[in-house]
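Single-letter residue listing:
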Amino acid sequence: MNPLNLNAVTQYVEENIGGFHERRLKSLQALKLNQILKRKNPYLFKAKNIKTSHDLVKSLLDAHLSSQEEAIFGEFLESLAIFVCKKVYAGKKSPAEGIDLEFEREGTTYLVSIKSGPNWGNRSQVKRLVENFKKAPRILRTGGSKTRIICVNGCCYGRDQQPDKGDYLKLCGQAFWELISDNSELYVEIIEPLGHRAEQKNDDFGY
């Protein structure tokens, strides 16, 4: 294990957070009004008392950005988690299907599927996750690994009051960041660099 260098984390965030802002701007620029209107319920606009074209367009853009930002920022947080674990535990991409991160800590191999938040999927998607967690240890065993293996659904934010799911652990927020970094305060310490040039970037979205 290598102690986490917070300056390296800050530098990574500042160098890569711009990609999040660029992707959300491109998503907005590629949006076509006639396309999005086809997917919307016209009765809802009446129920919300939307009377002007300005209010209509703003409502559409807000809804579009909200859904897009969750996915885009989730991907950024996942990449940050992998970066952190690589620095501390030499974490790497696992050859097993559906596993984003593999690393060893205190004689135990952790296989991690990273999600942005705790409410990330429906029943069938969770079932698929469990299937991947059952297959992954067998793949490692064929490679000669004899260490204890723990599968983890790691969520970058949120909480779960019952982390032990039987076939795997679901660690959210502070518990997840501490697992991959050995730093119980990292979940708080990454907040400040995430706001790097945020005001300037958000000015691009004035509408």
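Values in this document were obtained by computation on a predicted structure and should not be read as measured data.

Section: the packing of aromatic side chains
Logical step 1: Counted under the stated rule, the structure contains seven aromatic pairs.
Logical step 2: Taking 5.4 Å as the distance between ring centres and 25° as the angle between the ring planes, the aromatic pair formed by Tyr89 and Phe103 counts as stacked. In this pair, Tyr89 sits in helix H4 (residues 53–89) while Phe103 sits in strand S1 (residues 101–105), placing the two residues 14 residues apart along the sequence. The two residues Tyr89 and Phe103 agree in class, both being buried.
Logical step 3: Ring geometry for Phe133 versus Tyr168: centroids 5.3 Å apart, planes at 45°, classification tilted. Of this pair, Phe133 sits in helix H5 (residues 123–142) while Tyr168 is found in the loop between strand S3 (148–155) and strand S4 (169–172), placing the two residues 35 residues apart along the sequence.
Logical step 4: Judged by relative accessible area, Phe133 falls into the buried class, the value being 2%.
Logical step 5: Given a relative accessible area of 10%, Tyr168 falls into the buried group.
Logical step 6: An aromatic cluster of at least three residues, connected via ring pairs, comprises Phe20, Phe73 and Phe76.

Considering the sheet that holds S1
Logical step 1: Pairing is mixed across the open sheet formed by four strands, whose spatial order is S1-S2-S3-S4. Of all strands in the sheet, those with a lone pairing partner are S1 and S4, marking the two edges. Between one strand axis and the next, the sheet turns by 30° as a mean value, whatever way the strands run.
Logical step 2: Both S3 and S4 contribute to a ladder of four bridges, which runs parallel. Paired with Asn153 across the bridge in S4 is Lys170.
Logical step 3: Relative to the sheet, H5 contacts S1, strand S2 (108–115) and S3, its axis offset from that of S3 by approximately 145°.

What counts and what doesn't
Residues numbered from 1 in each chain as written. Predicted model: local features only at pLDDT ≥ 70, side-chain atom pairs only at ≥ 80, totals over all residues. Heavy atoms only, no water. Phe/Tyr/Trp six-rings, centres within 6.5 Å; stacked < 30°, edge-to-face > 60°. Helix = DSSP H or I, 4+ residues; strand = E, 2+ residues; numbered from the N terminus. Buried < 20%, exposed > 50% of the residue type's maximum accessible area, 1.4 Å probe, protein only. Pairing = 2+ DSSP bridges. Axes fitted to C-alpha atoms, helices over the stretch in contact; angles between N-to-C directions. Contact = heavy atoms within 4.5 Å.

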